[in-house]
Amino acid sequence: MNNAVLATLVIIFSMVWSSAFIAGAVALDDFDPFTLLTIRFLASALLMLPFCLVSGGYIHNRIAIKHGLLLGVFNNALYLGLSFAALQTIRPQVVIVIVSCAPLATGLLSAWWGVEALSPMKLLGAALGLIGVAVISGVTSGMTVDPWGILLATAGMLAFASGTVFFRGRGTGLPVLQANFWQSIAGATALLPLALVFGQPLAVPSTNSMIAVAHLVLVVTVGGMSLWLVLIRISGAATASTYHLLNPFFGVLLAYLILGEPLRTTDFIGAALIVIGLILSTQERWREKQC
């Protein structure tokens, strides 16, 4: 693929991925996180179903079903369920930068599970990333930070990183739309009981919330997740995970443009530390790819 085309796809992906948490913060004014995500994934699955049925019968492919469902548990139920729950207590920018550390966690988990070696450079990158998260979260400046929200976002990020490591080399050949369909089915199925037990009574949502839900369904779940699977197929899971490098920047920018969140110097300092940490921890992969 042409480098310019790939770069464009990566930028679009990062903007879409970051926008999910901005839209989520808006929609959570009228929905609890479990109900919101259940509606999101059910609607996404219904939209993708007709296209899956006419695309050659891959919807019945056992491998696509198995891997898609497991991906859905990691990516949709655990990662997004925990991350959206964190949005109730901490700023969207903080959630975005925490989940942007997934490549750092991927490298550490890969070393822990014996998939990749853990080098001093990766450890340094991980340390800088953690410092960056602390700076943006406000811990270093004495701001009041909800530790429960930080813990939820971190657990969600670790679930996403675990899914990336587990499916490295396994899911890259899956039909994209069908895998995304089964991810949505898994996410809705896993989160529906939580929505029924812990969810809030549904009320008539505001126009802003409806627009946010539509964005989450059409742009993020159908478009963004499919684009993510395409990038994994093009670049491989390890390289594709480094595309989250751009997320801290877009997260801060979108929060400013859409939510009116103030731009703080510490946000840029923290984002820069995370980007440097990610570059250090992933530069060996880029060198291996160029050799």
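Residues numbered from 1 in each chain as written. Predicted model: local features only at pLDDT ≥ 70, side-chain atom pairs only at ≥ 80, totals over all residues. Heavy atoms only, no water.

So, the overall build of the protein chain
- Along the backbone of the protein chain there are 12 helices and 0 strands.
- Tracing the protein chain from N to C terminus, the helices and strands come up as α-α-α-α-α-α-α-α-α-α-α-α.
- Relative to its 291 residues, the protein chain shows a buried fraction of 52%.
- Once local pairs closer than 6 in sequence are excluded, the contacts in the protein chain between residues at least 24 apart make up 89%.
- Carbon and sulfur atoms provide 72% of the accessible area of the protein chain, an area that totals close to 12900 Å². (Helix = DSSP H or I, 4+ residues; strand = E, 2+ residues; numbered from the N terminus. Buried < 20%, exposed > 50% of the residue type's maximum accessible area, 1.4 Å probe, protein only. Contact = heavy atoms within 4.5 Å. Areas by Shrake-Rupley, 256 points an atom, 1.4 Å probe, with all protein chains shown as cover.)

With respect to the side chain of Thr38
- Position of Thr38 among the secondary structure elements: in helix H2 (residues 33-53).
- Relative accessible area serves as the criterion here: at 4%, Thr38 is assigned to the buried category.
- Beyond its immediate stretch of four places on either side in the chain, Thr38 contacts Ala188, Leu191, Leu192 and Ala195.

A word on the environment of Thr189
- Relative to the helices and strands, Thr189 is located in helix H8 (residues 176-198).
- Taking the C-alpha atoms as reference points, Thr189 and Leu69, separated by 120 residues in sequence, lie 9.9 Å from one another.
- Among the polar contacts listed, one links the side chain of Thr189 to the backbone oxygen of Ile185, at a separation of 2.7 Å. (Polar contact = N/O pair within 3.5 Å; in protein donor to acceptor, adjacent residues only side chain to side chain.)

Let's talk about the nonpolar core
- By size, the foremost hydrophobic cluster in this structure holds 64 residues, and its most contacted members are Phe21, Leu36, Phe84 and Trp228.
- With near-sequence residues (within four places) excluded, Phe84 lies in contact with Ala20, Phe21, Gly24, Leu28, Pro33, Leu36, Leu37, Arg40 and Leu216.
- With 5 residues, the next largest nonpolar core counts Met48, Cys52, Phe181 and Trp182 among its residues. (Core = buried A, V, L, I, M, F, W, Y, C linked by side-chain atoms within 4.5 Å.)

Thoughts on the packing of aromatic side chains
- Per the stated rule, a full pass over the model turns up 10 aromatic pairs.
- Seen from their ring centres, Phe21 and Tyr79 are 6.5 Å apart, and the 75° between their planes marks the pair as edge-to-face. Taken together, the positions of Phe21 in helix H1 (residues 3-27) and Tyr79 in helix H3 (residues 62-86) put the pair 58 residues apart, joining distant regions of the chain. The burial state of Phe21 is the same as that of Tyr79; both residues are buried.
- Residues Phe181 and Trp182 carry aromatic rings whose centres are separated by 5.0 Å and whose planes lie at 75° to one another, so their mutual orientation is edge-to-face.
- We classify Phe181 as buried; its relative accessible area is 6%.
- Here a set of aromatic residues connected by ring pairs shows up, and it is made of Phe13, Trp17, Phe21, Tyr79, Phe84, Phe160 and Trp228. (Phe/Tyr/Trp six-rings, centres within 6.5 Å; stacked < 30°, edge-to-face > 60°.)

So, the confidence of the model for the protein chain
- Confidence in the prediction of the protein chain, expressed as mean pLDDT, is 81, and 83% of residues score 70 or more.
- Per-residue pLDDT, averaged within each element of the protein chain, yields its smallest value for helix H10 (residues 237-241) (65) and its largest for H2 (91). (pLDDT = per-residue confidence, 0-100.)

Digging into a nonpolar patch on the surface
- On the surface, a nonpolar cluster with roughly 680 Å² of combined accessible area is contributed by Phe249, Leu253, Tyr256, Leu257, Ile258, Leu263 and Phe268.
- Ranked by residues supplied to the nonpolar patch, first place goes to helix H11 (residues 247-258) with 5 residues.
- Position of Leu253 relative to the elements: it lies in helix H11.
- Overall, Leu253 belongs to the partly exposed group, its relative accessible area being 31%. (Patch = residues over 30% accessible without salt bridge, like charges linked within 9 Å, V, L, I, M, F, W, Y side chains within 5 Å. Salt bridge = Lys/Arg side-chain N within 4 Å of Asp/Glu carboxyl O.)

Re the packing of H2 against helix H9 (residues 207-235)
- At a closest axis distance of 9 Å, the pairing of H2 and H9 adopts a crossing angle of 55°. Here H2 lies oblique to H9, going by the angle between them. Classified by chirality, the crossing of H9 by H2 is right-handed. Taken together, the residues of H9 that come into contact with H2 (itself represented by Leu36, Arg40, Phe41, Ala43, Ser44, Leu47 and Met48) are Val213, Leu216, Val217, Leu218, Val220, Thr221 and Val222.
- For the contact of H2 with H9, a count of residues per class yields 11 nonpolar, 2 polar and 1 charged. (Axes fitted to C-alpha atoms, helices over the stretch in contact; angles between N-to-C directions. Parallel < 35°, antiparallel > 145°, perpendicular 65-115°, else oblique. Left-handed = near helix turned anticlockwise from the far one by under 90°. Nonpolar A, V, L, I, M, F, W, Y, C, P; charged D, E, K, R; others polar.)

Quick word on the environment of Val73
- Its location among the elements puts Val73 in helix H3.
- A relative accessible area of 36% places Val73 in the partly exposed class.
- Through-space distance from the C-alpha of Val73 to that of Gly163 is 8.7 Å; in sequence the pair is 90 residues apart.
- Beyond its immediate stretch of four places on either side in the chain, Val73 contacts Leu78 and Ala186.

Focus on H11
- In this model, H11 (12 residues) spans 16 Å end to end at C-alpha, consistent with the 16 Å of a helix rising 1.5 Å per residue.
- Listing the buried residues of H11 in full gives Asn247, Pro248, Phe250, Gly251, Val252, Leu254 and Ala255. (Expected span 1.5 Å × (residues − 1).)

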